[in-house]
Amino acid sequence: DGGITQSPKYLFRKEGQNVTLSCEQNLNHDAMYWYRQDPGQGLRLIYYSQIVNDFQKGDIAEGYSVSREKKESFPLTVTSAQKNPTAFYLCAVEGLAGGTDTQYFGPGTRLTVL
Amino acid sequence: ILNVEQSPQSLHVQEGDSTNFTCSFPSSNFYALHWYRWETAKSPEALFVMTLNGDEKKKGRISATLNTKEGYSYLYIKGSQPEDSATYLCASYGNKLVFGAGTILRVKS
């Protein structure tokens, strides 16, 4: 979706480093989400934010941190405490479609730990 | 069923074949069922959102049905084309949105 951007597209990290993945949206939606995808598994929820200055842990929040200082931005930091960070990361925003909340996704960031 | 399950995991068909795959989800505390198409190097694209038992949605050659009582949804593609090659994700919304692992479809010309 052109209204949601994620950067970088590819990211390489050395063990022990923290890295931050960017997610920006111009759709004016309140709710934003971070998911992780591993081969053969469904998208798993890391963190989500329903409104500025508020966020909640998802199913696999350990080793990750987020902030939501602006409506447009929801960056995800992968810390050195995340034991297996190599994965594909998707950011999503939630808006109404046909009367039902629907999530719209960014293009993703592939993180590889060297 | 505690999780969202999709079958088959992958599917290879010839151009022109019709195909279908299944999404099974918990029938208790159900609110909505989402289907997404995820092409390589692109973002997942929302296809359908269905909420009512018996719902049927259609978009071109792709259609989907929903059975909330037994907890399943079918996605049908009529006359598959190479451009239909993608991973098809379903997600069930009860208390939260839970995704299946997806069905990978490859259409050979």
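Residues numbered from 1 in each chain as written. Chains lettered and ligands numbered in written order. Predicted model: local features only at pLDDT ≥ 70, side-chain atom pairs only at ≥ 80, totals over all residues. Heavy atoms only, no water.

Draft legend 1. Representation of the overall build of chain B within the structure. A tally of helices and strands in chain B yields zero helices and 11 strands. Here chain B has a C-alpha radius of gyration of 13 Å; the compact-globule value for 109 residues is 13 Å, and the two agree. Projecting the C-alpha coordinates of chain B onto the three principal axes gives extents of approximately 40 × 25 × 20 Å. Out of the 109 residues belonging to chain B, those deemed buried represent 50%. Taking the contacts inside chain B whose residues are at least 6 apart along the sequence as the reference set, 51% of them involve residues at least 24 apart. For chain B, the accessible surface area stands at approximately 5500 Å², while carbon and sulfur atoms represent 46% of it. Side chains of chain B carry 11 positive and 10 negative charges; the gap between the two charge centres is 3 Å. (Helix = DSSP H or I, 4+ residues; strand = E, 2+ residues; numbered from the N terminus. Rg over C-alpha atoms; globule rule 2.2 N^0.38 Å. Buried < 20%, exposed > 50% of the residue type's maximum accessible area, 1.4 Å probe, protein only. Contact = heavy atoms within 4.5 Å. Areas by Shrake-Rupley, 256 points an atom, 1.4 Å probe, with all protein chains shown as cover. Lys, Arg positive; Asp, Glu negative; His and termini not counted. Charge placed at Lys NZ, Arg CZ, Asp CG, Glu CD.)

Draft legend 2. Inspection of the pairing of strand 3 (residues 19-25) of chain A at higher detail. Residue and element names in this part refer to chain A. Burial along strand 3 is one-sided: the face carrying V19, L21, C23 and Q25 is buried and the face carrying T20, S22 and E24 is not. Where strand 1 (residues 4-7) meets strand 3, four bridges bridge the pair, whose relative direction is antiparallel. Across the sheet, Q6 pairs through a bridge with C23, a residue of strand 3. Two strands pair when backbone bridges link them, and strand 3 and strand 8 (residues 76-78) are joined in this way by three bridges, in the antiparallel orientation. By the bridge assignment, L21 is partnered in strand 8 with L76. (Pairing = 2+ DSSP bridges.)

Draft legend 3. Here's a closer look at the pattern of salt bridges. A complete count under the given rule lists eight salt bridges over all chains for this structure. Here D38 of chain A makes a salt bridge to R44 of chain A, at a shortest N to O gap of 2.8 Å. Notably, a salt bridge pairs E45 of chain B with R37 of chain B, separated by 3.2 Å at the nearest N-O pair. Three or more residues joined by partner-sharing salt bridges are found here, namely R36, D38 and R44 of chain A. (Salt bridge = Lys/Arg side-chain N within 4 Å of Asp/Glu carboxyl O.)

Draft legend 4. Just the sheet that holds strand 3 of chain A, in detail. Residues and elements named next belong to chain A. Strand order in the open sheet formed by four strands is 1-3-8-7, with antiparallel pairing between adjacent strands. Every interior strand has two partners, whereas the edge strands, strand 1 and strand 7 (64-66), have only one. Put simply, the sheet's adjacent strands are angled 20° from each other on average, direction ignored. (Axes fitted to C-alpha atoms, helices over the stretch in contact; angles between N-to-C directions.)

Draft legend 5. Examining the interface of chain B and chain A more closely. The partner chain A presents 18 residues to the 17 residues of chain B that form the contact. Carbon and sulfur atoms make up 62% of the surface buried where chain B meets chain A, a total of about 1400 Å² over both sides. Put simply, K96 of chain B and D59 of chain A hold a salt bridge, and the shortest N to O gap is 2.5 Å. Taken together, the links from chain B to chain A amount to four residue pairs in polar contact (both at pLDDT 80 or more). Residue contributions to the side of chain B that touches chain A peak at four residues, all from strand 4 (residues 32-38) of chain B. In terms of residue class, the side of chain B that touches chain A is built from 12 nonpolar, four polar and one charged. (Buried area = accessible area lost by both parts, 1.4 Å probe. Polar contact = N/O pair within 3.5 Å; in protein donor to acceptor, adjacent residues only side chain to side chain. Nonpolar A, V, L, I, M, F, W, Y, C, P; charged D, E, K, R; others polar.)

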